[in-house]
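Residue-level listing of the chains:
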Amino acid sequence: MGNRAGREKFSTGLAAFFATLGSALGLGNIWKFPYLVGENGGGAFLFIYLLCVIFVGIPVMICEFYIGRKTRKNAVGAFQKIGTNPAWKIIGYLGVLSAYLIMFFYSCVAGWVYSYVFKALKGDFNAISAHSVEAELTKAVVGPISPLFWQLVVLIVVSVVLICGVKRGIERVTKTLLPVLFILIIICAIRAMTLPGAFQGLYFLFHIDFSQLTPNIILMALGLAFFKLSLGMGTLITYGSYFTENNNMITTAIKVALSDTVVSLLAGIAIFPTVFSFSMETGAGPGLLFLTIPLVFSQIPFGNILLAAFFFLTSIAATTAMISIVEVLVAYLSEEKGMSRTKAVIFNATLIMFIGMLATLSADRASILGDVHIFGRTFFQLFDFTSSNVILPIGGLLIVIFVGWVGAKEEFRYELSNQGMLKTDWLISIFYFFIKYVAPVLLAVVFLNSIGLFRI
Ligand code: TRP
């Protein structure tokens with residue numbers, strides 16, 4: 001399967017763009033982005049986030065595409081093939097580790113999203129008040145039976161799709177449903193802007209107040225950029241390995257980053273006016289999405305249908321993102337360890353369910369394991385923090401060092417210009433500069449600062 005998959009290609013540049021976007025768009029945009037903006041002070045965080053995307057995110061994405069297309073291999077195999085020193089395979093192994101860590105909590109949150117589809121259809125949110133929305137959320141999150149049940153459903157859905165290997169199917173599903181999700185988010189955003197007091201929400205989102213910034217917030221923004229753009233883990237190395245020879249990888253990276261940002265901003269525009277209109281807390285944390293969106297739809301005709309559709313499409317986005325995460329594990333186990341694809345899927349899903357339970361049972365203060373702390377964080381927070389804010393940026397740092405300092409510039413230029421077909425030397429030079437100097441320095445400074453070895 002591995003070699004066959006390695007030789008398979010996305011049919012066109014557009015298909016490659018959609019597939020990559022399908023991996024990028026997910027809970028990172030709709031769930032994580034708004035609540036992190038809310039917790040970290042709004043506009044200033046957003047501003048730093050955008051800088052991280054431009055100076056670090058897009059360069060790392062280009063590097064991953066480059067390594068993938070050049071080697072046409074999975075995340076671990078790619079470094080084996082290209083690396084002068086086998087130690088570079090560590091990037092692939094770190095990717096495998098973070099794929100597990102992300103899945104432990106991602107499958108839990110996806111479960112909440114799935115459960116909200118049914119709650120909406122049942123009419124649980126009809127004409128609901130801000131207060132009862134909170135009670136509904138607590139029921140869904142604290143459980144413990146309901147969140148564990150939905151987490152299991154999520155993992156079964158992901159496994160079935162991966163075992164069927166319906167790559168074409170997934171492609172078609174994302175291509176048709178992502179635009180629908182996009183339209184629904186626009187509807188949400190417009191509706192939210194017509195709520196009384198909406199302006200305050202927009203002000204919060206776009207007003208930049210640098211006094212809010214701390215080094216830790218910069219690390220959060222960087223981690224979010226990696227998480228949202230699916231970077232630092234080898235996902236986009238794998239996708240790059242399916243790109244055609246004439247794909248312009250620089251413009252693909254820019255277009256993916258841009259679309260991903262637009263979707264996140266729309267989610268923010270749907271959520272923050274609602275927060276202010278219903279006098280809720282901007283720093284409500286991981287529950288923010290689930291507290292606000294039901295209120296956006298609660299007062300309008302067919303609100304529950306629109307609400308169910310919103311959560312259904314979000315669950316599709318989350319599912320395709322998870323597929324791209326678990327695929328890293330399945331590709332590794334089947335190609336490098338000789339496990340059959342089906343076995344690899346079942347093995348991973350089982351492991352994720354068992355350890356992922358720790359995330360689910362510690363997601364809220366009232367949860368069974370809600371006050372167990374390791375290094376000052378709950379299991380849920382620990383899985384999230386170590387993957388997004390530690391391992392993904394380290395992976396990114398190693399990737400840019402590998403491309404900028406170990407590989408030859410000429411090879412980079414040759415591959416990115418599609419063997420000289422594209423006349424974009426100036427663009428390649430700009431990004432090469434970012435890759436060689438800007439991204440590694442920023443990553444190292446933010447990172448060393450966050451672990452306390454260096455103070456900005
Ligand atoms: N980007 C996805 C989201 O925003 C999550 C995701 C998919 C991811 N593949 C990844 C995150 C690889 C990190 C690395 O929801």
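Just above sits the structure.
Residues numbered from 1 in each chain as written. Predicted model: local features only at pLDDT ≥ 70, side-chain atom pairs only at ≥ 80, totals over all residues. Heavy atoms only, no water.

Quick rundown of the overall build of the protein chain? Include the residues and the values.
Broken down by element type, the protein chain carries 19 helices and zero strands. Computed over its C-alpha atoms, the radius of gyration of the protein chain comes to 21 Å, within 12% of the 23 Å expected for a compact globule of 456 residues. Principal-axis analysis of the C-alpha atoms places the extent of the protein chain at approximately 60 × 50 × 45 Å. By the burial criterion, 59% of the 456 residues in the protein chain qualify as buried. (Helix = DSSP H or I, 4+ residues; strand = E, 2+ residues; numbered from the N terminus. Rg over C-alpha atoms; globule rule 2.2 N^0.38 Å. Buried < 20%, exposed > 50% of the residue type's maximum accessible area, 1.4 Å probe, protein only.)

How would you summarise the site of the ligand if you had to cite specific residues and measurements?
Taken together, 17 residues are adjacent to the ligand, and Ala 24, Gly 28, Tyr 106, Phe 227 and Ser 230 come closest. Between the ligand and Tyr 106 there is a distance of 2.5 Å, counted from an oxygen atom to a side-chain nitrogen or oxygen. Only helix 2 (13-24), helix 3 (27-39), helix 6 (90-122), helix 11 (215-228) and helix 15 (303-336) provide two or more residues apiece to the shell around the ligand. When the residues that make up the shell around the ligand are grouped by side-chain class, the tally is nine nonpolar, seven polar and one charged. (Near = heavy atom within 4 Å. Polar contact = N/O pair within 3.5 Å; in protein donor to acceptor, adjacent residues only side chain to side chain. Nonpolar A, V, L, I, M, F, W, Y, C, P; charged D, E, K, R; others polar.)

Residues and numbers for the nonpolar core, please.
In terms of nonpolar packing, the biggest core is built from 157 residues, with Trp 31, Phe 290, Ile 293 and Phe 311 touching the most fellow members. In terms of residues, this core owes the most to one element, helix 6, which gives 20 residues. If sequence neighbours within four positions are ignored, Phe 311 has contacts with Val 113, Tyr 116, Val 117, Leu 289, Phe 290 and Ile 293. (Core = buried A, V, L, I, M, F, W, Y, C linked by side-chain atoms within 4.5 Å. Contact = heavy atoms within 4.5 Å.)

I'd like a rundown of a nonpolar patch on the surface, residues and numbers included.
Taken together, the side chains of Phe 182, Ile 183, Ile 186, Ile 187, Ile 190, Met 193, Leu 258 and Val 262 define a hydrophobic patch exposed on the protein surface, amounting to about 680 Å² of accessible area. The element that contributes the greatest number of residues to the nonpolar patch is helix 9 (residues 167-193), accounting for six residues. Counting through the fold element by element, Phe 182 comes out in helix 9. On the accessibility criterion, Phe 182 (34% relative accessible area) is partly exposed. (Patch = residues over 30% accessible without salt bridge, like charges linked within 9 Å, V, L, I, M, F, W, Y side chains within 5 Å. Areas by Shrake-Rupley, 256 points an atom, 1.4 Å probe, with all protein chains shown as cover. Salt bridge = Lys/Arg side-chain N within 4 Å of Asp/Glu carboxyl O.)

Residues and numbers for unusual backbone geometry, please.
Omega for the peptide link from Gly 143 to Pro 144 comes to 10 degrees, which places this bond in the cis form. Tracing the backbone through its elements, the reader meets Pro 144 in the loop between helix 7 (130-142) and helix 8 (145-164). Positive phi is not limited to glycine here, since Phe 375 has a value of about 50 degrees. Note that Phe 375 resides in the loop between helix 16 (341-360) and helix 17 (379-406). The class for Phe 375 is exposed, based on a relative accessible area of 75%.

Now, about the environment of Ser 211: what can you tell me, with residues and values included?
The residue Ser 211 is located in the loop between helix 10 (198-206) and helix 11 in this model. The class for Ser 211 is exposed, based on a relative accessible area of 64%. Separated by 62 residues in sequence, Ser 211 and Pro 273 place their C-alpha atoms 23 Å apart.

Hey, could you go over the packing of helix 4 (residues 43-71) against helix 13 (residues 249-277) for me, with residue numbers and the actual values?
At a minimum axis distance of 9 Å, the contact between helix 4 and helix 13 shows a crossing angle of 140 degrees. As helix 4 runs across helix 13, the sense of the crossing is right-handed. Counted together, Leu 46, Tyr 49, Leu 50, Val 53, Ile 58, Met 61, Ile 62, Phe 65, Tyr 66 and Arg 69 of helix 4 and Met 249, Ile 250, Thr 252, Ala 253, Ile 254, Val 256, Ala 257, Asp 260, Thr 261 and Leu 265 of helix 13 form the full contact between these two elements. Grouping the amino acids of the contact of helix 4 with helix 13 by side-chain chemistry returns 16 nonpolar, two polar and two charged. (Axes fitted to C-alpha atoms, helices over the stretch in contact; angles between N-to-C directions. Left-handed = near helix turned anticlockwise from the far one by under 90°.)

Any chance you could break down the side chain of Thr 20 for me, citing the residues and the numbers?
Tracing the backbone shows Thr 20 in helix 2. Discounting chain neighbours no more than four positions away, the residues touching Thr 20 are Phe 65, Leu 236, Tyr 239, Phe 243 and Val 256.

So what's going on with the packing of aromatic side chains? Which residues, and what values?
Under the defined criterion, the tally for this structure stands at 34 aromatic pairs. Relative to Tyr 332, the ring of Tyr 93 lies with its centre 6.0 Å away and its plane at 90 degrees, an arrangement referred to as edge-to-face. Taken together, the positions of Tyr 93 in helix 6 and Tyr 332 in helix 15 put the pair 239 residues apart, joining distant regions of the chain. Note on Tyr 93: relative accessible area 35%, which makes it partly exposed. Overall, the relative accessible area of 11% leaves Tyr 332 in the buried class. On the numbers, 5.2 Å between centres and 25 degrees between planes, the contact of Phe 118 with Trp 150 is stacked. (Phe/Tyr/Trp six-rings, centres within 6.5 Å; stacked < 30°, edge-to-face > 60°.)

Please give an account of the packing of helix 8 against helix 15 that cites residues and values.
Helix-helix packing is described using two parameters, namely the angle between the two axes and the distance between the axes. Their axes nearest at 10 Å, the elements helix 8 and helix 15 cross at an angle of 65 degrees. Compared by their axis directions, helix 8 and helix 15 come out roughly perpendicular. Crossing of helix 8 against helix 15: the hand is right-handed. Here Val 154, Val 157, Val 158, Val 161 and Leu 162 of helix 8 lie close against helix 15, whose contacting residues are Thr 319, Met 322, Ile 323, Val 326 and Glu 327. For the contact of helix 8 with helix 15, the per-class residue count stands at eight nonpolar, one polar and one charged. (Parallel < 35°, antiparallel > 145°, perpendicular 65-115°, else oblique.)

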